[in-house]
Structure formats: C-alpha cells, structure tokens
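A closer look at the structure
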Amino acid sequence: MQKRKHSWAAFVGGGNKKGEELTGENARILPKATHEERKKQEAKRKGKLKTLAGKLLKTVVGGKETVEKAGAEDVAGNLLKRPSSRKGEERGTPAEETICRFIEQGKFLEACDQIHNLEHSGNDGMGNSESLYELLAERMWTVVGEALSGSDRMLLEPLQSVGESLKWEKQKEAERLGNSLEKDSVSTWSPNFWRKDLEEKLMQYMTAQIPPFASSTDTDETALRQHLSHLERTFLPSLEHRSDVFREAGLLVTYARCCHASLCSHLATLTDSNCFSFSQSLLIYGWSIKMYKRGSQACERPGHSLSLGAQCLVWILLKTEEKLLATAQKEVGKALKEAFDIGKPPWADAAVIEILTEKTEAARQVSESLSEKVEAECLEECLRFLESYEDEVRSFIQLDDCPQIYSTLQILESCCLLRTVWHKLTYICSVSTQQNVKVNGFLHRMEDDIMEHFLQTITTKVKGTLKDHFKKCDSGFDHILESLKQNLLTFGKKKTDIYEALVKAVNAIIITEYMQALLTTPRKTSAVQRRRIVNKIEEDHRMMQTIFKECLGPAAGSLKDPIKAILELVQTSDPEGMKIALLPILKEFPDLRKEHLSAVLDIKDSLSREDRAALLKAFHDNCRESETEANLLFADIEVKPRKCGLCGCLCC
C-alpha cells in the first residue's frame, strides 16, 4: 500500500508544490488570496494533528523520554509513518497506536470501531477519541482528494473504507439517538459532520474544475456557446470518468449529488447575471434540455454511472425559465418605450410586431410550453406599456406651454399604429378577450384625448392668427396653413384610418374661425377697405382650396364651403342676382341668422339701402329652422346687431 500524505488543499488548488502541480488548471483558476488562505489553514491543521499525535505518543513506545530526546513535533510528524510489521509489538501497543496504524493503512472502518471502543471504555479521560476522529477524517479526505486527482486503482480499497465509515457513522448516529443517555451528544459528535464535510470537499474540487465564463460583451452568445460546449465536452466527461471509482466505493450517490449541485450553482450564477440577454438565457435553457435527453438515453445503457438527473434538470430549467420571462419582460418593455418615444417618430408596425413575437418564436424552437409562457409575458408587458404610455400622453397634454402640432400628430400616429399592431397580434398570438378589451379601452381613450387636444391646439393657433387678419397686410395666416399642410401630408403618408376624418375636422375649424373673424370685423370701413377685404377673402379661399385638395384629393369635393358662397354673394353686381345667390346659402347653412347676413352685406361695395332691405326681406321669407345639428356653422358665431340709418331698425 502506497503512503498518502497529501492534504486536501493539494487537490483543490492549494498546499505544497506537488499539490499545485497536480491541480494544474485548477490552481490557476483560484484567486491568489484563496491559495494563501488555504495554505494558512493547512499549516494550522497540520500543527494541530502533530500536537495530537505528540500527546498520543507520550503514552506509547518510549513515553516521555522519547518525546524529550527526539522532540515532540518531529516524532509527532512521523507517528503515522511508524512500521507495524511485528504482531507481537501490535499486541503490546496501546489502543491509540493501533488506531493510528489503521488510519495510516487506510482501514478507516477498523479505526472507527477502535475509536468507538476507546470512547466507551472509560479510559478516554483525556478525550483523545474526539481528536482521533479528527485525525481519521483528515486522512479520509486526503484519500478522497487523491481519488479525484488520478485514476490509481490502489486507492479503491481505502476509498471503499471511506464509504463504509460513512455507513458506520449513520448507524452509530441512529444508536445514539435511540439511547437517551447519548441523545444530547449527537449534535456535537464529530463523525456526525463527516457526510457534510465530504460533500463540501467534493464541491470545492468540482467547482474548481469549472472554467470561468469570460465574455467580451454583455450579449456575447458565441462565448456562451463555447463555454457550454466546454462543460459538455470536458467538464462533465471528466467527472464521469472519475465516477467509476466512487461507484465501486459506494459513494456514487454523494458524488453525483455534488456534481449536480456544482453545475446547478454555476448555471444559476450565469443566469443571475444582470447583463445576460434573453437569447443567452435561452441558450442555457436549450443546453439543459439537451443534457437531460442525453442523460436519459445514457441511463438506459448498462454500466452507466453518472448523468444529469431529472431533479437537477428541473431546478436548472425553473431557474432559467424565471430568468427568461423576467428578461423578456424587461427587453420588450424597453423596446416599446424606444419605439413610441413621445417627441420622436414611432417605429414601423412590422418592427413593433417583431418586438412582441421574436422572443416567442425563438422560444418555440426550444420548447412549445416555454414559447406559450413567453408569449403571455410579452402580451402582458404590452398592456403594462400601454397603461404607462397613456399616463405619458396625459402628461404631455397637460403641459403649460402649447406643444407643437407635429409632436401631437406623432402621438396620434402612434395610437393608430398601436391599434394596427394589436389588431395583427390578435391573429398571431393567443390574445384573451380580457386583454383585447383592455387594449381597446386604452387606445380609445388615448385617441379621443389626443384628437381633442390636437383640434383645440389648431383652434387656438388659428383664432390667434385671424384676430387681426382683416386689419393687417400679413397676419401669418398663410404660414399657419402651409405648416398645417406639411404636417398633415406627413401624417397622411402613414395611411392611418383617421387621416381623412382628421383633415375634415381641421378644415371645419379653419372655416369656422375664418367666418368668425370675418363677421366680427368692425363695420365702419371705407369702400377701398371693403374691396381689400373682398380681395383678401378671395385670395385666402383660393389658398385653402389648394391646400385641402392636396391633402384630401377627390374627397375635398365633399367639404362645405361657405366662403365660396359668400364670395359669390358679395361679388354679384345686381340685387336680383344676389337674391338668387342667397337661396343656396340658406339651404346649405340653415343656421345663418339675420345679423350674420347683415355683417356679410357690410363688406359689399356700393349696396344701396333699398337693395339691402330687399335682401334681408328675401332672407326673412326663405329662412327656416334647422331640423338637425348638421352643418351648424353659424350657430356659435355671435355678431352684434347693426344699428344704422335714420329709423334705427335692425333690418338695414
């Protein structure tokens, strides 16, 4: 039997020079500080063992004189090396030396029995049994370390003795628990910690064998693939190779459990990384499934000893799935915020749909059940985004300073785009009725709010521009119209469903505000001023017609045009012709009142009092009450009644 004097540190990256050579790559993996700490712990442990052996030596072969001559530390260090070939000498040696000899020979079960006998013999007054248990444990872990570091078949017998000693510990623990006198000492009994210590030593070794994952970028999938490939082709086969000797020693269950635990811990560390992307987590998920399938096939083959168990796989998959769903939620939410950033043009609908479906499709390549969960998470994140986006839109609307028309149209465009995207998603994804109701509710509210805000913004701008429009040469009205045209045409290129309705609503606002400004212009004007006003109306009308025809195309023909009707009325030279021109106005705009017509006639050049009275009478004879609220252009236009002439009546 070869002598084994290596400490455990030699097999996990620390200890003497020989130990470092054995560990190879593992020694380079561990940090420098870890090496130094383990060296200190190893030196402390060796000192403790030497002291123990020195105490034991005082009672055997030579007694106190031997210790004084040879030096306690030197003799203690050589205690385990003492030859024990003579049977007579063995019969004459004390129990402690016999125990030490069993430990040195790797007969750990025999040593356990001897220490137990000493412990219950009544001759253990100095408490040497506990120290012997510690010495025994140290030698067992050394054997385990040597078994992990190589494939020497001569280690099988002492490794089997380690397994038998662990069974012995379990048996004795049960006996102690059944003995009321020893029941309280079970928790402090040294062998009670052996199984836990063994698992710790195995975990230290296996963890040291896993190469660190180093990625050049946060989303480096190539580096992760290489790392998983290394685990598959190097790390797991290495553990598989060493598992044979542990199987024969009866320690395979513990060995396999530590393999699984070390791998689970490593993969958990990878997936817990905040910088890991959805695709990286999906790689780990797919790799775990592949390893499980391979392990299941291997279990069916005779002689198989180690594979990734179902329990290990389930833990890894659940952990990775949790990370996948959280990452999907985070990435989808971030992408949607970028796609619909207020103040910037929204992304195309195809790009938005890709945001919400690409992760589901990627997951479907790995697992159908996983893809369903990813899809559900993406849809829920879409709802959460819409809720937050609605709050942003409300905040935008409530800004003190009047937002730009372009920005408002962009939000309206985003709402239209979101409606289109959601409509397509209902065909692509498994959208629930509840989700559909929620989304449509969000979109309806946002569209109504932003449309109302947009039209109010147009009304404010146009009203302010037209306030002195008929007094100034350049009020800026043409600039407002040109700006509106450009914004509306840009909006129209998106081919939204509400474009035509929006342009018609803008047209109605401009016409209404224009008529309001025209009819409330001061009446006392000269003939030159009246002609200038008529020319201005004609020029403005031509410009508005051009703009709305360009925005609406053929649909512009359906727009109501009171400005055209009024121009025809005031540009007709004879009174009878004016009466004829008045009739279609009354038919198309039944809410026209007498004060409105009077204000229009004020801008007519060279109209006699008699002709004016005749026109007002014709109005009175032909006017009728409006039966519907359609085309109520003049209803909200307030014009002060005109008092003029000698009679002071309201008809002239």
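Please refer to the structure higher up on the page.
So, here is what we can say about the structure in this document.

Conventions used here
- Residues numbered from 1 in each chain as written.
- Predicted model: local features only at pLDDT ≥ 70, side-chain atom pairs only at ≥ 80, totals over all residues.
- Heavy atoms only, no water.
- Helix = DSSP H or I, 4+ residues; strand = E, 2+ residues; numbered from the N terminus.
- Buried < 20%, exposed > 50% of the residue type's maximum accessible area, 1.4 Å probe, protein only.
- Contact = heavy atoms within 4.5 Å.
- Areas by Shrake-Rupley, 256 points an atom, 1.4 Å probe, with all protein chains shown as cover.
- Patch = residues over 30% accessible without salt bridge, like charges linked within 9 Å, V, L, I, M, F, W, Y side chains within 5 Å.
- Salt bridge = Lys/Arg side-chain N within 4 Å of Asp/Glu carboxyl O.
- Lys, Arg positive; Asp, Glu negative; His and termini not counted.
- Charge placed at Lys NZ, Arg CZ, Asp CG, Glu CD.
- Axes fitted to C-alpha atoms, helices over the stretch in contact; angles between N-to-C directions.
- Parallel < 35°, antiparallel > 145°, perpendicular 65-115°, else oblique.
- Left-handed = near helix turned anticlockwise from the far one by under 90°.
- Nonpolar A, V, L, I, M, F, W, Y, C, P; charged D, E, K, R; others polar.

Moving on, we get to the overall build of the chain. When helices and strands are tallied, the chain shows 26 helices and zero strands. For the chain, buried positions account for 47% of its 652 residues. The contacts in the chain between residues at least 6 apart in sequence include a share of 73% that link residues at least 24 apart. Carbon and sulfur atoms make up 51% of the accessible area of the chain, which totals about 33700 Å².

A surface patch of negative charge is lined by Glu 110, Asp 113, Glu 157 and Glu 164. Secondary-structure elements contributing two or more residues to the negative patch are helix 8 (108-119) and helix 10 (156-178). The residue Asp 113 is located in helix 8 in this model. Residue Asp 113 is classed as partly exposed on the basis of its relative accessible area of 32%.

Summed over all chains, the structure comprises 28 salt bridges. A salt bridge links Lys 485 to Glu 550, with the nearest nitrogen and oxygen atoms 3.5 Å apart. Here Glu 550 lies in helix 22 (residues 527-552) and Lys 485 lies in helix 20 (residues 477-492), a separation of 65 residues in the sequence. Judged by relative accessible area, Lys 485 falls into the buried class, the value being 11%. A salt bridge links Lys 579 to Glu 576; the shortest N-O distance between them is 3.5 Å. Of the two residues, Lys 579 and Glu 576 both sit in helix 24 (residues 575-588), three residues apart, roughly one turn of that helix. The partly exposed category is assigned to Lys 579, whose relative accessible area is 26%. Salt bridges here are not isolated pairs; linked through shared partners, they connect Glu 331, Glu 358 and Lys 359.

Another aspect to go through is the packing of helix 25 (residues 594-601) against helix 26 (residues 609-622). Packing of helix 25 against helix 26 brings their axes to within 11 Å, and their N-to-C directions diverge by 150 degrees. Considering their axes alone, helix 25 and helix 26 lie roughly antiparallel with respect to each other. In this structure, helix 25 crosses over helix 26, and the sense of that crossing is right-handed. Here Lys 594, Leu 597, Ser 598 and Leu 601 of helix 25 lie close against helix 26, whose contacting residues are Arg 612, Leu 615, Leu 616, Phe 619 and His 620. By residue class, the composition of the contact of helix 25 with helix 26 is five nonpolar, two polar and two charged.

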